[in-house]
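For reference, the chains in residue letters:
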Amino acid sequence: MKLYTLRSFVVGILLVVLGGVIGFQLGTGKNVPGVTRVLQAIPQFSRVINVKVPQDKSNVDFSQFWVVWQRLEGSYLDPQKLNAKKMVYGAIQGMVASLGDPYTLYLPPEDQKRNTESLQGSFDGVGIELGYKNQALSVVAPIKDHPAAKAGIRAGDFILHIKDEQKKIDKDTSGITLPEAVDLIRGVKGTKVTLTILHEGGKPEAIDLIRDTIVVPSVELKFVDKGNKKVAEITLSQFGDRTDTEWNTAVDQIVAQKKNLAGVVLDLRNNPGGYLQEAINIGSEFISSGVIVTQQGKNESQSYTVNRQGRLIDIPVVVLVNKGSASASEIVAGALRDRRGVKVVGENSFGKGTVQDAQNDLPGGAGLHITIARWLLPSGNWIHEKGLAPDVQVTDDLDTKDVDEALQKAVETL
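The rules behind each value
Residues numbered from 1 in each chain as written. Predicted model: local features only at pLDDT ≥ 70, side-chain atom pairs only at ≥ 80, totals over all residues. Heavy atoms only, no water. Helix = DSSP H or I, 4+ residues; strand = E, 2+ residues; numbered from the N terminus. Buried < 20%, exposed > 50% of the residue type's maximum accessible area, 1.4 Å probe, protein only. Contact = heavy atoms within 4.5 Å. Areas by Shrake-Rupley, 256 points an atom, 1.4 Å probe, with all protein chains shown as cover. Phe/Tyr/Trp six-rings, centres within 6.5 Å; stacked < 30°, edge-to-face > 60°. Lys NZ or Arg CZ within 6 Å of the ring centre and 35° of its normal. Polar contact = N/O pair within 3.5 Å; in protein donor to acceptor, adjacent residues only side chain to side chain. Expected span 1.5 Å × (residues − 1). Pairing = 2+ DSSP bridges. Salt bridge = Lys/Arg side-chain N within 4 Å of Asp/Glu carboxyl O. Core = buried A, V, L, I, M, F, W, Y, C linked by side-chain atoms within 4.5 Å. Axes fitted to C-alpha atoms, helices over the stretch in contact; angles between N-to-C directions. Parallel < 35°, antiparallel > 145°, perpendicular 65-115°, else oblique. Left-handed = near helix turned anticlockwise from the far one by under 90°. Nonpolar A, V, L, I, M, F, W, Y, C, P; charged D, E, K, R; others polar.

Caption draft 1: Region of the structure containing the overall build of the protein. From N to C terminus, the protein includes 11 helices and 19 strands. The buried share of the protein, taken over its 414 residues, is 46%. A separation of at least 24 residues holds for 67% of the contacts in the protein among residues at least 6 apart in sequence. Surface summary for the protein: the accessible area is close to 20700 Å², and the carbon and sulfur share equals 50%.

And the structure:
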């Protein structure tokens, strides 16, 4: 019910704006080609024309909005740039952005398509998961073996500037929205984009990147030696559409090797998160019963508990995290520590402690992500903007490319 009311309000605002423009132009004897194009360009618009602005918002004055629209149409130097559909999308984005929450987003159809592609695990780009640190655009996680990671871009780096001569982009990132940043950085395979990167404690550096097709497997499994036994290292890259299937395949292989196992290292480094439900599924694989995470919403709280008979509950496990471990990754790591006393090894995690409801049913293929809750660890802790502090602090030395010090320490901790 609450989600329907907010969606109705968004649509209601759009209708009031369009109605104001139509009324103003018809009142002056002008036709309304711009608005007509909007109505034609948004599929299934007729399905929502009877939605009304909630009564408690009926005193909001939208006159300034359509006055500005009219003046742009009458005076702007380059009329070809007055794309009515984009103007409406931009207006909705501005309304959502006014909340000051970088994770509450309106995604026009093209941005929504890119977001869906990311969770499906294949798209063209440089291989960076983006987020914000201190209100500045930053790298949540570079994707292993793809252009950004190969160029030395690391989790926690700030992105100061984006330049792409082919797309005629030369833009600082101050005040940039997440969808806009994704749109500027992604592009056709083989094309170049230059990012000005600030490493922690370093100086700004312009890095040229050639875009490639980014294929991200959710789960990778390998076995490493520990004495006369093996350790299963499960690398979980995201919590997306393919995670459950790939995870089950990996766990089947682990169970088959159970007699020869010293334990499991769950590697969540550079995992930016994804679906909450997948985090609950993964956590349930290691925990026998009880709460995985609590979602604290506007009016009520809900605890999510173990939802399956875990196949790894009696196997020793260590969790590996770094600055790029965010959201669903932090849920799993924190739940395993709180509920099983599992050691967390690595670096302080990213610190994203909110839950977004991804609504993908807007007309025309647009999407709306609304922050609807905080999530709390079983202990009750909220780690937003603080991150999860590891029990064993260790940082992988990037200069020793053939040695993974963090993984070594995780295996030793078992």
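Caption draft 2: Molecular detail of the packing of aromatic side chains. Applying the stated criterion across every chain, the model contains 3 aromatic pairs. On the numbers, 6.1 Å between centres and 40° between planes, the contact of tyrosine 89 with tyrosine 106 is tilted. Taken together, the residues tyrosine 89 in helix 4 (residues 84-97) and tyrosine 106 in strand 1 (residues 105-107) connect sequence positions 17 residues apart. Note on tyrosine 89: relative accessible area 11%, which makes it buried. The interplanar angle of 65° and the centroid separation of 6.0 Å between the aromatic rings of tryptophan 247 and phenylalanine 286 together place this pair among those described as edge-to-face. In this pair, tryptophan 247 is assigned in helix 8 (residues 243-256) and phenylalanine 286 in helix 9 (residues 276-286), connecting sequence segments 39 residues apart. The class of tryptophan 247 is buried, set by a relative accessible area of 0%. Owing to a relative accessible area of 1%, phenylalanine 286 belongs among the buried residues under this scheme. Directly above the aromatic system of tyrosine 103 lies the positively charged group of lysine 352, at a separation of 4.8 Å from the ring centroid. Of note, arginine 374 hangs over the ring of tryptophan 382, and the distance from its end group to the ring centre comes to 4.9 Å.

Caption draft 3: The side chain of histidine 384, seen in detail. Position of histidine 384 among the secondary structure elements: in the loop between strand 18 (367-376) and strand 19 (392-393). In this structure histidine 384 comes out as buried when scored by relative accessible area, which is 18%. For histidine 384, the side chain forms a polar contact with the main-chain nitrogen of glycine 353, separated by 2.8 Å. Discounting chain neighbours no more than four positions away, the residues touching histidine 384 are Gly351, Lys352, Gly353 and Thr354.

Caption draft 4: Main features of unusual backbone geometry. In this structure, lysine 168 is a non-glycine residue whose phi angle is positive, near 60°. Tracing the backbone shows lysine 168 in the loop between strand 5 (158-164) and strand 6 (169-172). Residues other than glycine seldom take positive phi values, yet glutamate 385 does so here, at roughly 65°. In this fold, glutamate 385 is placed in the loop between strand 18 and strand 19. The exposed category is assigned to glutamate 385, whose relative accessible area is 62%.

Caption draft 5: Helix 10 (residues 328-340), seen in detail. Over its 13 residues, helix 10 runs 18 Å from end to end, which matches the ideal 18 Å to within 8%, given 1.5 Å per residue. For helix 10, the complete set of buried residues consists of Ala328, Ser329, Glu330, Ile331, Val332, Ala333, Gly334, Ala335 and Leu336. Elements in contact with the buried residues of helix 10: strand 12 (261-267), helix 9, strand 13 (291-297), strand 15 (317-321), strand 16 (343-346) and strand 18. Following helix 10 by one or two positions, glycine 341 adopts a phi angle in the positive range, close to 70°.

Caption draft 6: Spotlight on the pairing of strand 4 (residues 136-142). The element strand 4 is largely enclosed, with a buried count of 6 among its 7 residues. In this structure, the hairpin formed by strand 3 (residues 128-133) and strand 4 is closed by a connection of 2 residues, where asparagine 134 is found at a positive phi of approximately 55°.

Caption draft 7: Summary view of the pattern of salt bridges. Following the criterion strictly, the structure yields 16 salt bridges and no others. Between aspartate 225 and lysine 230 there is a salt bridge, with its nearest N and O atoms 2.6 Å apart. Aspartate 225 sits in the exposed class, given a relative accessible area of 55%. Salt bridges sharing common partners tie together Asp244, Asp252, Glu285, Arg308 and Arg311.

Caption draft 8: Representation of the pairing of strand 3. Alignment of strand 3 against strand 4, held across 6 bridges, turns out to be antiparallel. In the sheet register, glutamate 129 faces strand 4, and the bridge partner there is alanine 141.

Caption draft 9: Molecular detail of the nonpolar core. Counting 40 residues, the largest nonpolar core has Trp247, Leu268 and Phe286 as its most contacted members. Taken together, the elements giving at least two residues each to this core come down to strand 11 (229-236), helix 8, strand 12, helix 9, strand 13, strand 15, helix 10 and strand 18. Per element, the largest residue contribution to this core is 6 residues, and it comes from helix 10. The residues touching tryptophan 247, leaving out its near neighbours within four places in the chain, are Val219, Ile234, Leu236, Leu266, Ile282, Glu285, Phe286, Arg308 and Leu312. In this structure, Ile128, Ile159, Leu184 and Leu195 belong to the second largest nonpolar core, which totals 23 residues.

Caption draft 10: Seen up close, the packing of helix 9 against helix 10. The geometry of helix 9 relative to helix 10 is characterised by a closest axis approach of 9 Å and an angle of 30° between their N-to-C directions. On the basis of their axis angle, the class for helix 9 and helix 10 is roughly parallel. For the element pair helix 9 and helix 10, the recorded crossing hand is right-handed. Contacts between helix 9 and helix 10 involve Leu276, Ala279, Ile282, Gly283 and Phe286 on the former and, on the latter, Ala328, Ile331, Val332, Leu336 and Arg340. Split into classes, the residues belonging to the contact of helix 9 with helix 10 amount to 8 nonpolar, 1 polar and 1 charged.

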